[in-house]
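One-letter residues, chain by chain:
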There are 2 protein chains.
Amino acid sequence: MVLLSGGLDSATVLAQAVHQGYACHALSVDYGQRHHAELAAAARVAQALGAAQHRVIHIDLTAFGGSALTDTSIAVPEQPTSDIPLTYVPARNTIMLSLALAWAEVLQAQHIFVGVNAVDYSGYPDCRPEYVAAFERMANLATKAAVEGNKLHLHAPLQYLSKAEIISRGVQLGVDYGLTVSCYQADTEGRACGVCDSCRLRRAGFEAAGIPDPTRYRTP
Amino acid sequence: MVLLSGGLDSATVLAQAVHQGYACHALSVDYGQRHHAELAAAARVAQALGAAQHRVIHIDLTAFGGSALTDTSIAVPEQPTSDIPLTYVPARNTIMLSLALAWAEVLQAQHIFVGVNAVDYSGYPDCRPEYVAAFERMANLATKAAVEGNKLHLHAPLQYLSKAEIISRGVQLGVDYGLTVSCYQADTEGRACGVCDSCRLRRAGFEAAGIPDPTRYRTP
């Protein structure tokens, strides 16, 4: 089970899991995100990397709001901040991992892969190693599968890598990052703004890795 | 924040939280459950008990299936079992609590109430005290609110009560159990089958409490 957003990190994770020989079931979540183009990217990436199947589940988090990604009245920040940014979506990773846990149990899958990262990231609390460990522990008390001895393993293989290291690994694994969309305010064709937090981290990653940036930007 | 299914337990929890003086925001989850009538019951209960607000969020767990409650090809068991029954929905409580966590964070609520119970229950792993504790711990690593010092408290006030004790408490608190629907295969008007696991536990609870059972049954 691979959580696949359509962005750079989760595409790399999928490539790695495929490379390790797993039959990969990719799950994307349509939660009403502003950058809806990432879902089309997820479908392209799943196909290109040879996922066994790709499924999109819908949950309308705009009903709660509270984030620049789920409330159109909150603008996406275009300057760096030292705080947790406005693009933080309350409990998003917990919701997504819970959905992955549900589908994993139905499929009798014991491995969930997620592309969270604690180095070049946006300061989101639900990307930290201690969070990942606590989710795995909770999950192993939650399910019938775990009670019956089929323990769940939550893999976060990018946890301690820099964005440049992630990109280098992905290129080695054959990921075409031109298929991915990271921008928080990508247009309907998936073209990036170049200035949001996610674009800045991505662009700096390609520069640091010495790899040409294949991202399609809206403005020159 | 109170998770409100429309059944007996969560109605009691809502009554208790209201009694304790909390402004209660009730959340129900339409996950494609067979006993959809419980959602209408949840709305009636929220209104009757004076919830500040009641909201229903939709997520289609029939896309995953794997339970008698989300897959119409699996019949609801009508005989007791010593195993975890077929009505177990993979990761259901984890998904619901994750959604409650999200809305709680947006509302800046620090208390989530849930009606899980470890005595007269169906053997679901995600009703056990160790699960509740692990979810709370994970939640306090997951959110911006927790990182900023606003810890989340997950309350499971029915945890160690028998069904009869829950009913007695609810009656003292003024709960009208005639408004609630527990049956896993309730008809569209909320009338109960009387023979599923949930009906059996409920009926035995009223008997043990010595309180007349207000449940509307389909068959005499």
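Note that the structure is a prediction, hence the values are computed from the model and not measured.

### Here we look at the overall build of chain A
Then, number 1: Helix and strand content of chain A: seven helices and five strands.
Then, number 2: If you list the helices and strands of chain A from N to C, you get β-α-β-α-β-α-β-α-α-β-α-α.
Then, number 3: The C-alpha atoms of chain A give a radius of gyration of 17 Å, which matches the 17 Å a tight globule of 220 residues would have.
Then, number 4: Principal-axis analysis of the C-alpha atoms gives chain A an extent of 55 × 40 × 30 Å.
Then, number 5: Within chain A, the fraction of its 220 residues that count as buried is 53%.
Then, number 6: At a minimum sequence separation of 6, the contacts of chain A that also span at least 24 residues come to 69%.

### Focus on the interface of chain B and chain A
Then, number 1: Taken residue by residue, the interface counts 37 residues in chain B and 37 residues in chain A.
Then, number 2: Among the secondary structure elements, those contributing two or more residues to the side of chain B that touches chain A are β3 (53–58), α3 (92–107), α4 (129–142) and α5 (144–147) of chain B.
Then, number 3: Looking at the side of chain B that touches chain A element by element, the count peaks at nine residues for α3(B).
Then, number 4: Among the residues making up the side of chain B that touches chain A, the classes are represented as 23 nonpolar, six polar and eight charged.

### With respect to unusual backbone geometry
All names here are of chain B.
Then, number 1: At Ala91, a residue that is not glycine, the phi angle is positive and equals roughly 60°.
Then, number 2: Its location among the elements puts Ala91 in the loop between β3 and α3.
Then, number 3: At Gln108, a position not held by glycine, the phi torsion is positive, near 55°.
Then, number 4: Mapped onto the secondary structure, Gln108 falls in the loop between α3 and β4 (111–113).

### Looking at α3(B)
Then, number 1: For α3(B), which comprises 16 residues, the first-to-last C-alpha distance of 23 Å matches the rise-based estimate of 22 Å (1.5 Å per residue) to within 8%.
Then, number 2: Counting buried positions along α3(B) yields 15 of 16 residues, so the element is predominantly enclosed.

### Quick look at the pairing of β3(B)
All names here are of chain B.
Then, number 1: Bridging between strand β2 (residues 25–30) and β3 involves six bridges; their strand directions are parallel. Opposite Ser28, over in β3, you have Val56 as the bridge partner.
Then, number 2: Note on the crossover from β2 through helix α2 (residues 37–49) to β3: the handedness is right-handed.

### With respect to the nonpolar core
Then, number 1: Counting 142 residues, the largest nonpolar core has Leu14(A), Ala100(A), Leu14(B) and Ala100(B) as the members making the most contacts within it.
Then, number 2: Leu14(B) has contacts with Val2(B), Leu4(B), Cys24(B), Ala26(B), Val45(B), Leu49(B) and Ala51(B), leaving out every residue within four places of it along the chain.

### Considering the environment of Asp187(B)
Residue and element names in this part refer to chain B.
Then, number 1: Among the secondary structure elements, Asp187 is positioned in the loop between α6 (163–172) and α7 (197–209).
Then, number 2: Placed 30 residues apart in sequence, Asp187 and Tyr217 show a C-alpha to C-alpha distance of 9.7 Å.
Then, number 3: When residues no more than four places from it in sequence are discounted, the contact partners of Asp187 are Ala37 and Arg218.

### A word on helix α1 (residues 8–19) of chain A
All names here are of chain A.
Then, number 1: In this model α1 runs 17 Å from its N-terminal to its C-terminal C-alpha over twelve residues, within 8% of the 16 Å that 1.5 Å per residue would give.
Then, number 2: Counted residue by residue, α1 has ten buried out of twelve residues, so it is predominantly covered.
Then, number 3: Those residues of α1 lying buried are Leu8, Asp9, Ser10, Ala11, Thr12, Val13, Leu14, Ala15, Gln16 and Ala17.
Then, number 4: Trailing α1 by a residue or two, Gly21 shows a phi angle of about 100°, which is positive.

### Some points on the relation of the copies chain B and chain A
Then, number 1: Take chain B, turn it by 180°, move it 0.0 Å along the axis, and it overlays chain A with an RMSD of 0.0 Å. On this basis, the relationship between the two copies can be described by a two-fold rotation axis. If distances are taken from each C-alpha of chain B to the rotation axis, the shortest is found for Ile59(B), at 2.7 Å.

### A short note on the confidence of the model for chain A
Then, number 1: Scored by pLDDT, chain A comes out at a mean of 94, with 99% of its residues at no less than 70.
Then, number 2: As scored by the predictor, the complex reaches a pTM of 0.95 and an ipTM of 0.94.

### Observations concerning the environment of Phe113(A)
Residue and element names in this part refer to chain A.
Then, number 1: Among the secondary structure elements, Phe113 is positioned in strand β4 (residues 111–113).
Then, number 2: C-beta crowding within 10 Å serves as the criterion here: with 24 such atoms nearby, Phe113 is assigned to the buried category.
Then, number 3: Residues Phe113 and Trp103, ten residues apart in the sequence, show an inter-C-alpha distance of 13 Å.

### Brief notes about the pairing of β2(B)
Residue and element names in this part refer to chain B.
Then, number 1: Within β2, five of the six residues are buried, leaving the element largely enclosed by the surrounding structure.
Then, number 2: Two elements, strand β1 (residues 2–3) and β2, share two bridges in a ladder whose sense is parallel. Each residue of the ladder has a partner; that of Leu3, found in β2, is Leu27.
Then, number 3: Traced from β1 through helix α1 (residues 8–19) to β2, the parallel crossover comes out right-handed.

Analysis parameters
Residues numbered from 1 in each chain as written. Chains lettered and ligands numbered in written order. Predicted model: local features only at pLDDT ≥ 70, side-chain atom pairs only at ≥ 80, totals over all residues. Helix = DSSP H or I, 4+ residues; strand = E, 2+ residues; numbered from the N terminus. Rg over C-alpha atoms; globule rule 2.2 N^0.38 Å. Buried ≥ 20, exposed ≤ 12 C-beta atoms within 10 Å, placed from the backbone. Contact = placed C-beta atoms within 7 Å. Nonpolar A, V, L, I, M, F, W, Y, C, P; charged D, E, K, R; others polar. Expected span 1.5 Å × (residues − 1). Pairing = 2+ DSSP bridges. Right-handed = clockwise from strand over helix to strand, strands pointing away. Core = buried A, V, L, I, M, F, W, Y, C linked by C-beta atoms within 7 Å. Least-squares fit on C-alpha atoms with pLDDT ≥ 70 in both. pLDDT = per-residue confidence, 0-100.

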